[in-house]
Amino acid sequence: MQIICVSRGSLSRGKELAQLLAQKLDYPLLSREDLIEAAIKEGIQVGKLETSMMKPRAFSERLARERDHYLAFSTSYLCSKILEGPLVYHGRTGHLLLQGVGNLLRVRVLADPEYRIAAAMRSLGVDRDKAHRYLEQVEEDRRNWARFMYGVSWEDASQYDVIVNVEQMNVANAASALVTMAQLPDFQMTPAARKAMDDLHLSARARVLLARDEHTYRAGFSVKAHHGVLTVTYLPKDMEVADHIQRVLAELEGVQDIRCTMATTNILWVQETFDPASETFDEVVEIAKKWNAAVELVHFAPGEGAEEATADLAEDDQRMVAAGIEEDVEEEVPDQGGLRATLDELAKLGRSGGGRYVHGERSHLLASCCNAVPYSLVVIGSLFLGKGSSAKLRMTRELQDLIGSRMKVPVVTADELRSHYLFGTRDALRLAGFLVLVLVVYFLVLTNQEPVLRFLSGTWTGGKTLNKLIVAVSVFLFVPVIAYSYGSVARSVMKLIKME
Amino acid sequence: MESVLLYEHFITLDLFVAAQVVVLGLIGGILSGFIGSGGAFFMTPGMMNLGVPGVVAVGSNITHKFGKAMVGSRKHSELGNVDKRMGLYLIVTSFIGIQIAVWINSTLFEGADAHGSGGSAAADLYISAVFICILSLVAISMLRDAQRSSSSADNTGPSMRIANFLARLRLPPYISFPIADVRVSLWILMLVGLATGYLAGTIGVGGFVGVPCMIYVFGMPTAVAAGTELYLAMFMGGWGALNYAIQGFVDIRLTMLLYLGSLIGIYIGVYGTKVVKEILIRIVTGVVILLCVVSRAVAVPVYLRQLGWVDMDPKWDVYCNVGSKVMLFAAGISGCLLILYHVLKSYRRRLRLQHRLVEARGGASERSHEYAATSTG
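Each value, and the rule that gives it
Residues numbered from 1 in each chain as written. Chains lettered and ligands numbered in written order. Predicted model: local features only at pLDDT ≥ 70, side-chain atom pairs only at ≥ 80, totals over all residues. Heavy atoms only, no water. Helix = DSSP H or I, 4+ residues; strand = E, 2+ residues; numbered from the N terminus. Buried < 20%, exposed > 50% of the residue type's maximum accessible area, 1.4 Å probe, protein only. Areas by Shrake-Rupley, 256 points an atom, 1.4 Å probe, with all protein chains shown as cover. Phe/Tyr/Trp six-rings, centres within 6.5 Å; stacked < 30°, edge-to-face > 60°. Lys NZ or Arg CZ within 6 Å of the ring centre and 35° of its normal. Salt bridge = Lys/Arg side-chain N within 4 Å of Asp/Glu carboxyl O. Expected span 1.5 Å × (residues − 1). Arc of directions from axis to C-beta. Pairing = 2+ DSSP bridges. Axes fitted to C-alpha atoms, helices over the stretch in contact; angles between N-to-C directions. Contact = heavy atoms within 4.5 Å. Patch = residues over 30% accessible without salt bridge, like charges linked within 9 Å, V, L, I, M, F, W, Y side chains within 5 Å. Core = buried A, V, L, I, M, F, W, Y, C linked by side-chain atoms within 4.5 Å. Parallel < 35°, antiparallel > 145°, perpendicular 65-115°, else oblique. Left-handed = near helix turned anticlockwise from the far one by under 90°. Nonpolar A, V, L, I, M, F, W, Y, C, P; charged D, E, K, R; others polar. pLDDT = per-residue confidence, 0-100. Right-handed = clockwise from strand over helix to strand, strands pointing away.

Chemist: Lay out the overall build of chain B in plain terms, naming residues and giving numbers.
Modeler: In terms of regular secondary structure, chain B is built from 12 helices and 2 strands. Along chain B, helices (α) and strands (β) appear in the sequence α-α-α-α-α-α-β-β-α-α-α-α-α-α when read from the amino end. Here chain B holds 377 residues, and 54% of them are scored as buried. Total accessible area computed for chain B in this model is approximately 15,700 Å², and 68% of it derives from carbon and sulfur atoms.

Next up, the structure:
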């Protein structure tokens, strides 16, 4: 089974290339237009959604639900087609619907701008300037679509395995080259990728059912599946739907268990070995309770060749198959790194946000973290266990920086959890120190109002202009100090009563 | 009611008045956290109702905003929500806007000295007029959006007529902002900066113009718009504080008392947004702002009489002032109570539901263990 996703710009000959590729490989062809047609039959207002994505407008809750429905339906539809056999899909960003599924061949097609302008002039019957503007507008709309739908840049080259420029290369030759490329073991579906797709398909079908039901369609859900266990997360404001989730999903084929978690946000916890009896577990749960967050676990086992650039071919081949989101064993799955036990414990506490295994490079870890999920915190626990302490520290810091820059959320190591987010001795001392400072300053100002006001009015002895300048500078310097000091007191108090 | 002003600008602050300023800060903070914008629309008229001259209320509030934005923008910056390049472009013209606002306010304050209450009637009238005009527009659009989203099945957000119109205009040069991922005409940027600065300097609510412009006109993501506005507010607040302080219009006591309430209130407000539906947030915000506008309008006849523009018995001043004050506090307090009611209700429901879920999971876990034991046995 193989999936090839061709990402095409307007009038860039991507459709032609996809058709030739499908013909040469004897694979069925699925286009974005087919997918849209199916979505419209499902009752999704794709036109309205598309228009709203392309204009700079506020994202209403109802529109967000429509987007969720569209994404879930498209994912489910695409997965169901892939499960029937190999497939060539051409559209905008089909590969982004299959986030977390490894071994896809992701192709981006580019064409000569002059060719595109000429094609636009022919098809639209307009002059060169208008054709150029039209193409610019279409590109802009597609950029917005990718950003609003998936939170990524459509033009980011790292989104694709290969970029084909048909400016010089004949489309037929490009298709032949892709046929050869498609034979590589990197782009064959492994059991691991198949398992990831089954999970994705299950979660997408579950989300579609929730979007169809009259009691649950208005609520926002995050649905994840892992080995047939569905984890459904919803917001406190939608808590009235909690009783309906089990009913709606009860008859979904392939579900072994349904776990519901009410959360306002998510915490992502990446670690190599989980232990529900560990101190880090208690700290993460304490923060999750405080923030009303769901905890999502990722068992990340950095690939053996991840850090060494030189690995022999045999190892390389093995790594190619192993890389990606993995769980090769179909039946009795051993609890690798305590993930399942920890998830069960979290589920008992009503905090489970689902979990998964990721083996391979750091890029696989990043690829597995969906951009659309609103994380508030990423916790990096003990990783790189096979390395020495200095290398472990360095590699953890590098991973921390990488995740922080890509996901734009605070990333902390397990050791930093307490000092950053839990009330400890340092916080108590900080609170006491700033409280004393604030009390003294407020006392001095409020018990000496007359001299303070005389100073502020600038009417004390001396040059009037100089006095005014001194007042302005004093206020300018004093205010941030008092705001920071009292702000620290307020933040510490809120941290203490678990409401920050 | 014409209060005696110390050093011509500052009110006498006893324990009761101080407590009222703290409550103003608390309500302003809750509303600010709930709405996601500054609470100046409540705090500035609130201080004016306590007898603070409008120009001092604005000066003290913009100084309060300076410190608050400084603390808040650091967090947004850590999360990558600040487009500093855009902030810097907007800062230049916003400073000019603030300068214009400070100049108008101070000139009116000094000029009306012969007639007004403590020399502030003309400035108070001007500030109230701008406040009423701008906030009426904001409140009405918010309520219209809320009404449209509740009645229409295919709601797609607020009207985009202005944004679409501006998008069609070709106004080079255009500047690209990589963090916000937008391209904006320099002229539109300058205009938005000027308007934001002017309103921040006049009534202290620049964010009501800045944030919607960044979202609707520039097409920026909401989180980046809020972060960038806070970054901008830090500079505008600093510049405004310097300018008002140099004129002697900053009452540091009021700024400090506002902090006491606002920095706690903001946490409560933010928590409220997590448990209250979006439509209710819009309705509550719209109604509270509208009531603040009406409350300010009730105080306007006093300024008109003080300027000699209407013939009104001075004994009516007290009724207007008390009416305005009661209406403002009633609006703020009822809005906050509504938010607190939802926060507490949701908190209780959450605990109950969490308990039920934990019990259900416990039961399921026991059943699955029993099943496993039976199977292996």
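From this point, the discussion proceeds with the structure in view.
Chemist: Outline the overall build of chain A, listing residues and values.
Modeler: Looking only at helices and strands, chain A features 19 helices and 14 strands. Each of the 500 residues in chain A was classed as buried or not, and the buried ones make up 54%. Carbon and sulfur atoms make up 54% of the accessible area of chain A, which amounts to about 22,100 Å² in all.

Chemist: So what's going on with the packing of aromatic side chains? Which residues, and what values?
Modeler: Counted according to the given criterion, the structure contains 11 aromatic pairs over all chains. Geometrically, the ring pair formed by Trp269 of chain A and Phe281 of chain A is tilted, given 6.4 Å between the ring centres and 40 degrees between the ring planes. Of the two residues, Trp269 of chain A is situated in strand S9 (residues 265-271) and Phe281 of chain A in helix H11 (residues 279-291); the sequence distance between them amounts to 12 residues. For Phe281 of chain A, a relative accessible area of 3% gives the class buried. Consider the rings of Phe42 of chain B and Phe329 of chain B, whose centres lie 6.4 Å apart with planes at 75 degrees: the pair is edge-to-face. Taken together, the residues span a long stretch of sequence, with Phe42 of chain B in helix H2 (residues 40-49) and Phe329 of chain B in helix H12 (residues 316-376) at a distance of 287 residues. Judged on exposure class, the residue Phe42 of chain B and its partner Phe329 of chain B are both buried. One Lys or Arg, Arg13 of chain A, reaches over the ring of Tyr115 of chain A and ends 5.2 Å from the middle of that ring. The ring of Trp145 of chain A is capped by Arg32 of chain A, whose NZ or CZ atom sits 5.1 Å from the centre of that ring.

Chemist: Could you give an account of the pattern of salt bridges, with specific residues and numbers?
Modeler: Residues and elements named next belong to chain A. Per the counting criterion, the structure on display carries 21 salt bridges over all chains. Across the salt bridge formed by Arg128 and Glu114, the nearest N and O atoms sit 3.0 Å from each other. In this pair, Arg128 sits in helix H7 (residues 128-150) while Glu114 sits in helix H6 (residues 113-124), placing the two residues 14 residues apart along the sequence. Residue class for Glu114 comes out partly exposed when judged on its relative accessible area of 42%.

Chemist: Lay out H6 of chain A in plain terms, naming residues and giving numbers.
Modeler: Residues and elements named next belong to chain A. Relative to the 16 Å expected for 12 residues at 1.5 Å per residue, H6 spans 16 Å between its end C-alpha atoms, a close match to the ideal helical length. Taken together, the buried positions of H6 are Arg116, Ile117, Ala119 and Ala120. Take H6 and look down its axis: the buried residues cluster within an arc of 165 degrees, on one side only.

Chemist: Let's hear about the sheet that holds strand S3 (residues 87-91) of chain A: which residues, and what values?
Modeler: Either a parallel or an antiparallel arrangement is found when strands of a sheet pair, and the pairing is made through backbone hydrogen bonds. All names here are of chain A. Pairing within the open sheet is parallel, and its 5 strands lie in the order S2-S3-S1-S4-S5. The open sheet is flanked by strand S2 (29-31) and strand S5 (162-165), the only strands paired with a single partner. When the angles between neighbouring strand axes are averaged without regard to direction, this sheet yields 20 degrees. Here strand S4 (residues 105-110) runs beside S5; their pairing, made up of 4 bridges, is parallel. Note on S5: the bridge partner recorded for Arg108 is Ile163. Strands in contact with helix H1 (residues 14-25) are strand S1 (3-8), S2, S3 and S4; relative to S1, the strand with the most contacts, it is inclined by about 160 degrees.

Chemist: Let's hear about a nonpolar patch on the surface: which residues, and what values?
Modeler: Residue and element names in this part refer to chain B. On the surface, a cluster of nonpolar side chains totalling about 500 Å² of accessible area is made up of Trp316, Val318, Tyr319, Val322 and Val326. With respect to the secondary-structure elements, Val318 resides in helix H12. For Val318, a relative accessible area of 36% puts it in the partly exposed group.

Chemist: Quick one: what's the story with helix H18 (residues 449-457) of chain A, residue by residue and with numbers?
Modeler: Residues and elements named next belong to chain A. By the burial criterion, the buried members of H18 are Gln449, Val452, Leu453, Leu456 and Ser457. Summarising the axial view, the buried residues of H18 lie within an arc of 130 degrees, below the 170-degree limit, and thus occupy one face. One or two positions beyond H18, positive phi appears at Gly458, with a value near 70 degrees.

Chemist: Give a detailed account of the nonpolar core, specifying residues and quantitative values.
Modeler: Grouped together as the largest cluster of nonpolar side chains are 117 residues, with contacts concentrated most on Phe41, Met86, Leu135, Phe218 and Met220 of chain B. It is helix H5 (residues 121-151) of chain B that contributes the most residues to this core, 11 residues altogether. Judged by nonpolar contacts, the second largest core, of 35 residues, contains Ile3, Tyr70, Tyr77 and Leu200 of chain A.

Chemist: Mind laying out the side chain of His69 of chain A, listing which residues take part and the relevant values?
Modeler: Positionally, His69 of chain A belongs in helix H4 (residues 61-84). Setting aside residues no more than four positions away along its own chain, His69 of chain A makes contact with Glu42, Ile44, Val208 and Ala211 of chain A.

Chemist: I'd like a description of the sheet that holds strand S8 (residues 257-262) of chain A, backed by residues and values.
Modeler: Residue and element names in this part refer to chain A. Ordered by their spatial adjacency, 3 strands build an open sheet running S6-S7-S8, and the pairing between neighbours is mixed. Since the sheet does not close on itself, it has two edges, and those belong to strand S6 (221-226) and S8, each with one partner. Averaged over all neighbouring strand pairs, the angle between strand axes comes to 20 degrees, with direction disregarded.

Chemist: Could you give an account of the packing of helix H9 (residues 191-212) of chain A against helix H10 (residues 242-249) of chain A, with specific residues and numbers?
Modeler: Residue and element names in this part refer to chain A. Remark: H9 packs on H10, axes separated minimally by 10 Å, with the N-to-C direction vectors making an angle of 120 degrees. In this view, H9 runs oblique relative to H10, as classed from their interaxial angle. For the element pair H9 and H10, the recorded crossing hand is right-handed. Across from Ala206, Leu209 and Leu210 in H9, the residues of H10 making contact are Ile245, Val248 and Leu249. Class assignment for the residues of the contact of H9 with H10 results in 6 nonpolar, no polar and no charged.

Chemist: Just give me the short version of the environment of Phe66 of chain B, but keep the residues and values in it.
Modeler: Along the chain, Phe66 of chain B falls in helix H3 (residues 54-78). With 167 residues separating them along the chain, Phe66 of chain B and Ala233 of chain B place their C-alpha atoms 6.8 Å apart.

Chemist: An account of the packing of H6 of chain A against H7 of chain A is requested, with residue identities and associated values reported.
Modeler: Residues and elements named next belong to chain A. At a closest axis distance of 9 Å, the pairing of H6 and H7 adopts a crossing angle of 105 degrees. Our classification of the angle between H6 and H7 gives roughly perpendicular. Residues Glu114, Arg116, Ile117, Ala120, Met121 and Leu124 of H6 form the contact with H7, whose participating residues are Arg128, Ala131, His132, Tyr134, Leu135 and Glu139. When the residues that make up the contact of H6 with H7 are grouped by side-chain class, the tally is 7 nonpolar, 1 polar and 4 charged.

Chemist: Help me get a handle on the confidence of the model for chain B, residues and values and all.
Modeler: Summing up the model confidence of chain B, the mean pLDDT is 78 and the portion of residues at 70 or higher is 81%. In this model residues 364-377 of chain B is a low-confidence stretch, pLDDT under 50, and it forms 1 contact with partners more than four residues away in sequence or in other chains.

Chemist: Go over the pairing of strand S10 (residues 293-302) of chain A with me, naming the residues and quoting the values.
Modeler: Buried residues dominate S10 of chain A, accounting for 9 of its 10 residues. Once the chain exits S9 of chain A it traverses H11 of chain A before rejoining the sheet at S10 of chain A, and the crossover so formed is right-handed.

Chemist: Just give me the short version of the environment of Lys15 of chain A, but keep the residues and values in it.
Modeler: All names here are of chain A. Within the element layout of this structure, Lys15 appears in helix H1. Taking the C-alpha atoms as reference points, Lys15 and Ser31, separated by 16 residues in sequence, lie 8.4 Å from one another. Dropping the residues within four chain positions of it, Lys15 is found in contact with Arg8 and His90.

Chemist: Explain the pairing of strand S13 (residues 375-380) of chain A to me, using residue names and the numbers behind them.
Modeler: All names here are of chain A. In terms of burial, S13 is largely enclosed, as 5 of its 6 residues are buried. Relative to S13, S9 runs parallel, the two being bridged by 5 bridges. For Ile267, the partnering residue across the bridge sits in S13 and is Leu377. Regarding the hand of the β-α-β motif, the stretch spanning S13, helix H15 (residues 389-407) and strand S14 (residues 411-413) is right-handed.

Chemist: An account of unusual backbone geometry is requested, with residue identities and associated values reported.
Modeler: The phi torsion of most residues other than glycine is negative, and most of the peptide bonds are trans. All names here are of chain A. Look at Leu11: it is not a glycine, yet its phi comes out positive at around 55 degrees. Looking at the secondary structure, you find Leu11 in the loop between S1 and H1. Accessibility expressed as a relative area gives 30% for Leu11, which makes it partly exposed. Of note in the backbone geometry, Asn103 takes a positive phi value of approximately 65 degrees without being a glycine. With respect to the helices and strands, Asn103 occurs in the loop between helix H5 (94-97) and S4. Judged by relative accessible area, which is 15%, Asn103 ranks as buried.

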